[in-house]
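The primary structure of each chain is shown beneath.
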Amino acid sequence: MSLFTGGYQARQDRRRYLERGLSIIATFGILYWLGINFHKSPSQFFQASLIGLSNGVLYALIALGYTLVYGIIELINFAHGDLFMLSAVFSANFIAIWFHKEKSGPAAWGVFLMCLVAVMTFAATINVGIERFAYRRLRRAPKLAPLITAVGVSFVLQFIGLRWNGSGPKTWNTVLPAGGFHISGVNIEYTTIISFAVTAPLLLLMSWIVTRTRQGKAMRATAQDQDAARLMGINVNRTISFTFALGGALAGAAGILFQQTRGLTSYNLGFQLGLIAFTSAVMGGIGNLQGAVLGALLIGLIQGLNDGLPIGLGQQWSQTVVFSILILLMAFRPTGLLGKPVTEKV
Amino acid sequence: MSALLEVKDLKVAYGSILAVKDVSLTVNEGEIVTLIGSNGAGKSTTLRTISGLLKPKGGTITFQGQRIDGKEGHEIVAMGLCQSPEGRRIFPRMSVRENLDLGAFLRNDKEAIEADRERVLDLFPRLRERYEQKGGTMSGGEQQMLAVARAMMGAPKLLLLDEPSMGLAPVLVDMIFETIIKIREQGITILLIEQNAAAALDVADRAYVLESGRIKMSGNASDLAKDDAVTKAYLGG
Ligand SMILES: Nc1ncnc2c1ncn2[C@@H]1O[C@H](COP(=O)(O)OP(=O)(O)OP(=O)(O)O)[C@@H](O)[C@H]1O
Ligand SMILES: [Mg+2]
């Protein structure tokens, strides 16, 4: 008996040493890499970080939609990335075609703000509709049924995007001010500042809704136990609809920001960015709101540094680096950065 | 005395299997009524259906003269019908305070809510000691107290209690039954399910005996406690 436990104990210890050793080596490796890059060109270092973070906020807006929905009904909403894609296409049409704004200027900025409200409403409505007509009836079905349905909805949205936007990528003239300014060699684009300025209040608003309002209390209760929430007098269907509306609105905001900062739309955007955003949510601990934002900023940063530093693997390795880090992290922390051992939800 | 709750010919199924085949019962205002029966008899199913968590296959449920079968759970709570469910079902990642807040989710009367909060914390002093502790980290007995306290925070007219003494130490079981009497003294009508049939018949005014989804007997609790068949089947004698 003692022999077995002794052997087991020794194996455990060896494993723990190995894990700790590996993570120390990895950490030092990364720090060394960052260090020499920073030493070589501080301005390029900050430039790369800034670009990375400005992508990161976009991922965060999308990642929250995955994590909100997972938190409340434990569904990975595969269609969420495509909702973001439709929002980008909607924004392009709204600003450039319906309102004929293709140049920067005060009137065009007004249209931008109108479009922000419109696209958030648009995406929230579609997301609520999807839940109402596709997922709700499957709420008590085995987990696989809504999952497959979500894949189906994803194809439907992509098809709509394909018909609306065409089969190839489209470029657009945008209305946000181009250019930027320099601070000690780091070029700061106006669009970066606008991305932060739009995202930060939205994130704060959302966190206020979830933690401070009655509706947020209903969301947290529903996430923990639907039947118990019903016994408290909570309208569970409406609470779930509200959650989809929140996630949709954030995807809408991501759509307009992406379209106006990149000047690009394509029917398969949802797959590319959706995957990265979903990865962010998983990295942060799916179901955890702060985790999704943290994961998104980290992934943005990792990509930015990898693509932009003088000594790095370069852009073609971007995805590989992100997923390698995700796989490593999952091996050591299966619940993600901020996930608790018991699945932490909303 | 008027009927507060009236269940008639209730049938409830899980998929194609009927769990409740024929249940009719009445709870009058101010009463404690108990529903006893062996495991799997359909007691919890009956309560879940009354609270609107399950939709009946047949029969009617009337509360305060209004049909409530077919209403949503939250509408039924809004009418003043609260339940402390089987297995406690407290919110594990919320504190005692937040759980109690949720019990009062539909209420706006701030002062009355605070008064009720004091009242339930006086009833269960242990909860006051654990006020900021997360529900999921409390002991089974403490969670059970929280479940009952939370249901009382809804200021119910009718309180459904599904095995409130489950998992409690003998002293605490006695305390729960004393509490049930105190709750009634505060003007709340109670429909009680208990494994501990002897204690349930002791506090209750009337009782129903449920067997494989059907009401087999009913009557005054004290009469049923003396009945031979009941004694044999449920009182271990
Ligand atoms: N979710 C469910 N799906 C399928 N069958 C169920 C479900 N819940 C309960 N049942 C079945 O319905 C019948 C009645 O169950 P119920 O929980 O109402 O019994 P009970 O009288 O409360 O028993 P206990 O004293 O053990 O709590 C049982 O045969 C049970 O197996
Ligand atoms: Mg039961």
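Source: prediction; values computed, not measured.

### Looking at the coordination of the magnesium ion (ligand 2)
All names here are of chain B.
- The protein atoms that coordinate the magnesium ion (ligand 2) are Ser-44 (OG) and Glu-86 (OE), at distances spanning 1.9 to 2.4 Å. With Ser-44 in helix α1 (residues 43-50) and Glu-86 in the loop between β6 (81-84) and α3 (96-103), this residue pair connects regions lying 42 residues apart in the sequence.
- The exposure class of Ser-44 is buried, given its relative accessible area of 11%.
- Given the relative accessible area of 31%, Glu-86 is considered partly exposed.

### Quick word on the interface of chain B and chain A
- Across the contact, 19 residues belong to chain B and 20 residues belong to chain A.
- Surface buried jointly by chain B and chain A totals about 2100 Å² across both partners, of which 59% is contributed by carbon and sulfur atoms.
- Considering only the surface of chain B that becomes buried against chain A, Leu-53, Arg-93 and Phe-105 of chain B emerge as the three largest contributors, covering 35% of it.
- Here chain B and chain A share 2 salt bridges between them.

### Observations regarding the domain arrangement of chain B
Residue and element names in this part refer to chain B.
- According to the domain assignment, chain B contains domain 1 (3-80 + 156-234) and domain 2 (91-155).
- Taken over C-alpha atoms, the centre of domain 1 sits 23 Å from the centre of domain 2.
- With 20 residues of domain 1 at the interface, the matching set in domain 2 holds 12 residues.
- Both sides of the domain 1 and domain 2 interface together cover about 1200 Å² of buried area, and 74% of this is carbon and sulfur.
- The tally of links from domain 1 across to domain 2 stands at 0 salt bridges.
- In this structure, the connection of domain 1 to domain 2 is made through 1 residue pair in polar contact (both at pLDDT 80 or more).
- When residues of the side of domain 1 that touches domain 2 are traced back to their parent elements, those giving at least two are α2 (73-78), β7 (158-162) and α7 (170-185).

### Some remarks on the packing of aromatic side chains
- A full pass over the atoms with the stated rule returns 13 aromatic pairs over all chains.
- When the ring of Phe-122 of chain A is compared with that of Trp-164 of chain A, the centres are 6.4 Å apart and the planes differ by 65 degrees; the resulting orientation is edge-to-face. Of this pair, Phe-122 of chain A sits in helix α4 (residues 106-135) while Trp-164 of chain A sits in helix α5 (residues 144-165); the two residues are 42 residues apart in sequence, bridging distant segments of the chain.
- Its end group placed over the ring of Phe-133 of chain A, Arg-132 of chain A keeps NZ or CZ at 5.5 Å from the ring centre.
- Over the ring of Phe-105 of chain B we find Arg-214 of chain A; its NZ or CZ atom is 4.1 Å from the centre of that ring.

### A short note on unusual backbone geometry
- One non-glycine residue, Ala-155 of chain B, lies in the positive phi region at around 50 degrees.
- Residue placement: Ala-155 of chain B occurs in the loop between α6 (140-152) and β7.

### A word on the packing of helix α2 (residues 42-73) of chain A against helix α9 (residues 236-262) of chain A
All names here are of chain A.
- Running from N to C, α2 and α9 cross one another at 165 degrees; their axes reach a closest spacing of 9 Å. As the angle between them shows, α2 and α9 are arranged roughly antiparallel. Of the two possible hands of crossing, α2 and α9 adopt the one that is left-handed.
- Classifying every residue of the contact of α2 with α9 by side-chain character gives 17 nonpolar, 5 polar and 1 charged.

### Details of the site of ligand 1
All names here are of chain B.
- Taken together, 14 residues lie near ligand 1, and Lys-43, Ser-44, Thr-45, Glu-86 and Gln-195 sit nearest.
- Between an oxygen atom of ligand 1 and a side-chain N or O atom of Thr-45, the distance comes to 2.4 Å.
- In isolation ligand 1 has 630 Å² of accessible area, and contact with the protein removes 60% of it.
- With 4 residues, the single largest contributor to the shell around ligand 1 is α1.
- For the shell around ligand 1, the per-class residue count stands at 3 nonpolar, 7 polar and 4 charged.

### Some thoughts on the pattern of salt bridges
Residue and element names in this part refer to chain B.
- Summed over the entire model, instances satisfying the criterion amount to 20 salt bridges over all chains.
- Glu-118 is paired through a salt bridge with Arg-128; the nearest N and O atoms lie 3.3 Å apart. Of the two residues, Glu-118 sits in helix α4 (residues 110-123) while Arg-128 sits in helix α5 (residues 125-129), which places them 10 residues apart along the sequence.
- When its relative accessible area of 38% is taken as the criterion, Glu-118 is described as partly exposed.

### Quick word on the pairing of strand β1 (residues 3-14) of chain B
All names here are of chain B.
- Here β1 pairs with strand β2 (residues 17-28) via 8 bridges, running antiparallel. Bridging across to β2, Tyr-14 finds its partner in Ile-17.
- What sits between β1 and β2 in their antiparallel hairpin is a turn of 2 residues, with Gly-15 showing a positive phi close to 60 degrees.
- Here 5 bridges tie β1 to strand β4 (residues 58-63), and the two strands are oriented antiparallel to one another. In the strand pairing of β4, Val-7 is matched with Ile-61.

### A closer look at helix α6 (residues 190-212) of chain A
Residue and element names in this part refer to chain A.
- Compared with an ideal rise of 1.5 Å per residue, which puts 23 residues at 33 Å, α6 spans 33 Å between its outermost C-alpha atoms and is within 8% of the ideal.
- What α6 keeps buried is the set Thr-191, Thr-192, Ile-194, Ser-195, Val-198, Thr-199, Leu-202, Leu-203, Met-206, Ile-209 and Val-210.
- On its buried face, α6 sits against α2, α4, β3 (186-189), α7 (214-224), α9 and α11 (289-308).

### Section: a nonpolar patch on the surface
Residues and elements named next belong to chain A.
- Together, Leu-18, Leu-22, Leu-328 and Phe-332 make up an exposed nonpolar region whose accessible area comes to about 400 Å².
- For the nonpolar patch, the elements supplying multiple residues, two or more each, are α1 (2-40) and α12 (318-332).
- In this structure, Leu-328 sits in helix α12.

### Notes on the pairing of strand β2 (residues 180-183) of chain A
All names here are of chain A.
- With 4 bridges connecting them, β2 and β3 associate as antiparallel partners. Residue pairing for β3: Gly-180 is matched across the bridge by Glu-189.
- The hairpin formed by β2 and β3 contains 2 residues between the paired strands, and Ser-184 there has a positive phi angle of roughly 35 degrees.

What counts and what doesn't
- Numbering of residues starts from 1 in each chain and follows the order in which that chain's sequence is written.
- Whichever chain is written first becomes A and whichever ligand is written first becomes 1, with later ones labelled in order.
- Totals for whole chains, interfaces and linings use every residue, but because this is a predicted model, local features are given only for residues with pLDDT of at least 70 and side-chain atom pairs only at 80 or more, for both listing and counting.
- Side-chain numbers here rest on the full set of heavy atoms in the structure, without hydrogens or water.
- For Na, K and Ca the donor cut-off is 3.2 Å, and for all other metals it is 2.8 Å, counting N, O and S atoms only; because water is absent from this set, sites may look incomplete.
- The numbering of helices and of strands both runs from the N terminus, where a helix is a DSSP run of H or I of at least 4 residues and a strand a run of E of at least 2.
- In this scheme, a residue with accessible area under 20% of its type's maximum is buried, one over 50% is exposed, and one in between is partly exposed, where area comes from a 1.4 Å probe on protein chains only.
- Residue contacts are defined here by distance: any two heavy atoms, one from each residue, within 4.5 Å place the two residues in contact.
- Take the accessible area each of two parts loses on contact, using a 1.4 Å probe, and add the two losses: that sum is the buried area.
- The term salt bridge refers to a side-chain nitrogen of Lys or Arg lying within 4 Å of a carboxyl oxygen of Asp or Glu.
- An automatic or database domain assignment provides the domain bounds reported here.
- Distance and chemistry together define a polar contact, namely a pair of N or O atoms within 3.5 Å, with one atom able to donate a hydrogen and the other to accept it when in protein, and with adjacent residues in sequence counting only for side-chain atoms on both sides.
- Any two rings among Phe, Tyr and Trp, with Trp reduced to its six-membered ring, count as a pair given centres within 6.5 Å; such a pair is stacked if its planes are under 30 degrees apart, edge-to-face if over 60, and tilted if neither.
- Remark: a charge is flagged as sitting over a ring if the NZ atom of Lys or the CZ atom of Arg is within 6 Å of the ring centre and within 35 degrees of the ring normal.
- Here, axes are lines fitted to C-alpha atoms. For helices the fit covers the stretch in contact, and angles between N-to-C directions go from 0 to 180 degrees.
- When describing relative orientation, an angle under 35 degrees is termed roughly parallel and one over 145 degrees roughly antiparallel, while 65 to 115 degrees is termed roughly perpendicular and anything else oblique.
- By the definition used in this description, the sense in which the near helix is turned from the far one sets the handedness, with an anticlockwise turn below a right angle giving left-handed and a clockwise turn giving right-handed.
- When residues are sorted by character, Ala, Val, Leu, Ile, Met, Phe, Trp, Tyr, Cys and Pro go into the nonpolar class, Asp, Glu, Lys and Arg into the charged class, and all the rest, Gly among them, into the polar class.
- For each residue, the test is whether any non-hydrogen atom lies within 4 Å of the molecule or strand; if one does, the residue is near.
- Areas reported here follow the Shrake-Rupley algorithm with a probe of radius 1.4 Å; residue values treat only the protein chains shown as occluding.
- By definition, two strands form a pair when at least two bridges between them are found by DSSP.
- To estimate how far a helix should extend, the number of its residues minus one is multiplied by 1.5 Å.
- Patch membership requires over 30% relative accessible area and the absence of a salt bridge. Like charges are linked within 9 Å, and nonpolar side chains (Val, Leu, Ile, Met, Phe, Trp, Tyr) within 5 Å.

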